[in-house]
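Letter by letter, the chains look like this.
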Amino acid sequence: MTGKQPVTVIGLGPMGQAMVRTLLDGGHPVTVWNRTPDRADALVARGAVLAPSAAEAILASELTVLSLTDYEAVRTVLEPAAHALRGRVLVNLSSDTPEKTRAGARWVAEQGGIHLTGGVNVPPSGIGQPGSTAFYSGPREPFEAHRPTLDVLTGTDYRGEDPGLAALHYQLGMVMFWTSMLGYWQAIALADAHGLTAADVLPHATETLTGLGDFLSFYAGRIDAGEHGGDVDRLAMGVASAEHVLHTIADAGVDTALPAAVADIFRRGMDAGHAADSFSSLVELMKSPAAAAGARRQSQSQVSK
């Protein structure tokens, strides 16, 4: 007996496998289940126990970690095992929308289980590594009770009782990650058209993306205050730059879908009357109508004062 908490892991894609290996290395007894059983072979050879069904896997441990594609996959796996959920804590690391996450948490509660939402901020190679983090939300008491075990996988960043909060913070990161990486792929495609390699572009790309942190800090307070004055930058200059990027890419014969979409957002800002405002005014175009109306009321209130 190791004295370490037994853990069940359901879902043995790259992330699930990395978690099982890390838990085993940390001395935890681990039970696993996957719809394709042979994915567990190497883990069983390292000491994991393969359960014959998802229900039996859940019953094997008080704590079950789910690492599945989305909440549809979660329901597909859990519905036949619903009778096993009573009294069990599910840490659901599957990605989906905050609303689907909240619905999933309600369903688990209806079965007598406890649902904790997680959003892992590192790839499988980062599991168990210093500096790795994951967002968590849901009932505080069971989270704290199982936090030492979850800390074996990554650092834990608890965001509150609402089960949708961890999913929201995870998706905020994905919004920035996917868009930024597409911008990088676009730059590489443009460089390739001019005979440059990804290695040639790397130092400039790294410097550019690292420097974005300063811009984020500068604009955050102004955006929260609804201040988009053109004292530092103006959208009219930004749209000219976005058009230059689009034309440069088109001239090189490179796919223009991404820069065309960027230029279109700039033009919409111009059409909305923000030519003399800061580039940050584009955030108002992206907000929901209700949020945008609230921002306008806040701005008008500040002016009246």
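Computed from a predicted model, the values in this text were never measured in an experiment. One numbering rule holds for all chains: residues counted from 1, following each sequence as written. Thresholds applied to this predicted model are a pLDDT of at least 70 for local features of residues and 80 or more for the giving and counting of side-chain atom pairs; totals over whole chains, interfaces and linings are not thresholded and use all residues. Note that the side-chain values use all heavy atoms of the structure and ignore hydrogens as well as water.

## Let's talk about the overall build of the chain
For the purposes of this entry, the term helix denotes a DSSP run of H or I that reaches at least four residues, the term strand denotes a run of E that reaches at least two, and both are numbered from the N terminus. Helix and strand counts for the chain come out as 13 helices and eight strands. The principal-axis extent of the C-alpha atoms belonging to the chain is close to 65 × 55 × 30 Å. Think of it in three bands: residues with accessible area under 20% of the maximum for their type are buried, residues over 50% are exposed, and the middle band is partly exposed, with areas taken using a 1.4 Å probe on protein chains only. Per-residue burial over the chain gives 41% buried out of 305 residues. On the chain, roughly 16,100 Å² of surface is accessible, and the fraction owed to carbon and sulfur atoms is 59%. Neither His nor the chain termini are counted; the positive set is Lys and Arg, and the negative set is Asp and Glu. Think of each charge as sitting on NZ of Lys, CZ of Arg, CG of Asp or CD of Glu. One way to put it: in the chain the 22 positive side-chain charges average out to a point 7 Å from where the 32 negative ones average out. Exposure was quantified through the Shrake-Rupley algorithm and a 1.4 Å probe, taking into account, for residues, occlusion by the shown protein chains and nothing else.

## Quick notes on the side chain of Gln 186
Here Gln 186 is to be found in helix H7 (residues 164-193). Residue classification places Gln 186 among the buried residues on the basis of a relative accessible area of 13%.

## Section: the side chain of His 274
Topologically, His 274 is positioned in the loop between helix H11 (257-271) and helix H12 (282-286). Pairs of N or O atoms are called polar contacts if they sit within 3.5 Å, as long as, within protein, a hydrogen donor faces a hydrogen acceptor (for residues adjacent in sequence, only side-chain-to-side-chain pairs). Side chain to side chain, His 274 and Asp 277 meet in a polar contact 2.8 Å long. Contact definition: two residues touch when any of their heavy atoms are within 4.5 Å. Residues in contact with His 274, not counting those within four places in the same chain, are Leu 235, Gly 269 and Ser 281.

## As for the pairing of strand E2 (residues 30-33)
Here E2 shows a buried face lined by Val 30 and Val 32 and a second buried face lined by Thr 31 and Trp 33. Two strands pair if DSSP finds at least two bridges between them. In terms of strand pairing, strand E1 (residues 7-10) meets E2 through four bridges, oriented parallel. In the strand pairing of E2, Thr 8 is matched with Thr 31. Examined bridge by bridge, E2 and strand E3 (residues 49-50) share two bridges and lie parallel to one another. When the bridges of E3 are listed, Val 32 appears paired with Leu 50.

## What about the environment of Arg 222?
Along the polypeptide, Arg 222 turns up in helix H9 (residues 212-224). Excluding anything up to four places from it in sequence, Arg 222 contacts Glu 227, Gly 229, Asp 231 and Val 232. Polar contacts involving the side chain of Arg 222 include one to the main-chain carbonyl oxygen of Gly 229, which spans 3.2 Å.

## Let's talk about the sheet that holds strand E4 (residues 63-66)
Taken in spatial order, the eight strands make up an open sheet running E3-E2-E1-E4-E5-E6-E7-E8, and their pairing is mixed. Looking at the sheet topology across the chains shown, the edges are occupied by E3 and strand E8 (155-158). Taken together, the four bridges between strand E7 (residues 133-137) and E8 define a ladder with parallel strand orientation. Counted as the bridge partner of Phe 135 is Asp 157 from E8. Throughout, an axis means a line fitted to C-alpha atoms (over the contacting stretch in the case of helices), and angles, computed between N-to-C directions, take values from 0 to 180 degrees. Each of strand E5 (89-92) and strand E6 (114-120) is contacted by helix H5 (residues 98-110), which is oriented at about 150° to E6, the strand it contacts most.

## Here we look at the pairing of E8
Here E8 shows a buried face lined by Thr 156 and Tyr 158 and an unburied face lined by Gly 155 and Asp 157. Of the crossover connections in this fold, the one passing from E7 over helix H6 (residues 140-153) to the parallel E8 is right-handed. Classification remark: right-handed applies to a crossover when, strands pointing away from the viewer, the course from the first strand over the helix to the second runs clockwise.

## Comments concerning helix H8 (residues 198-210)
In this model, H8 (13 residues) spans 17 Å end to end at C-alpha, consistent with the 18 Å of a helix rising 1.5 Å per residue. Note that the bend at a residue is defined as the angle between axes fitted to the seven residues ending at it and the seven residues starting at it. Approximately 30° is the largest bend angle found in H8, and it occurs at His 204. Multiplying 1.5 Å by the residue count of a helix minus one yields the expected span of that helix.

## Examining the layout of surface pockets
Detection works on a 1 Å grid of protein atoms alone, calling trapped sets that fit a 1.4 Å probe cavities and calling open sets with protein on both sides within 12 Å along at least five of seven lines pockets, with lining residues defined by an atom within 4 Å of a point. Grid points are joined across faces, edges and corners, and a volume is the space filled by probe spheres set on the points. Within this model, the largest pocket holds a volume of roughly 2,400 Å³. Elements with a minimum of two residues in the lining of the largest pocket: H7, H8, H9, helix H10 (235-251), H11 and H12. Residue contributions to the lining of the largest pocket peak at 12 residues, all from H7. Here the term charged refers only to Asp, Glu, Lys and Arg, the term nonpolar to Ala, Val, Leu, Ile, Met, Phe, Trp, Tyr, Cys and Pro, and the term polar to all other amino acids, Gly among them. When grouped by side-chain class, the residues that make up the lining of the largest pocket number 32 nonpolar, 10 polar and two charged. Here the second largest pocket is characterised by a volume of approximately 620 Å³.

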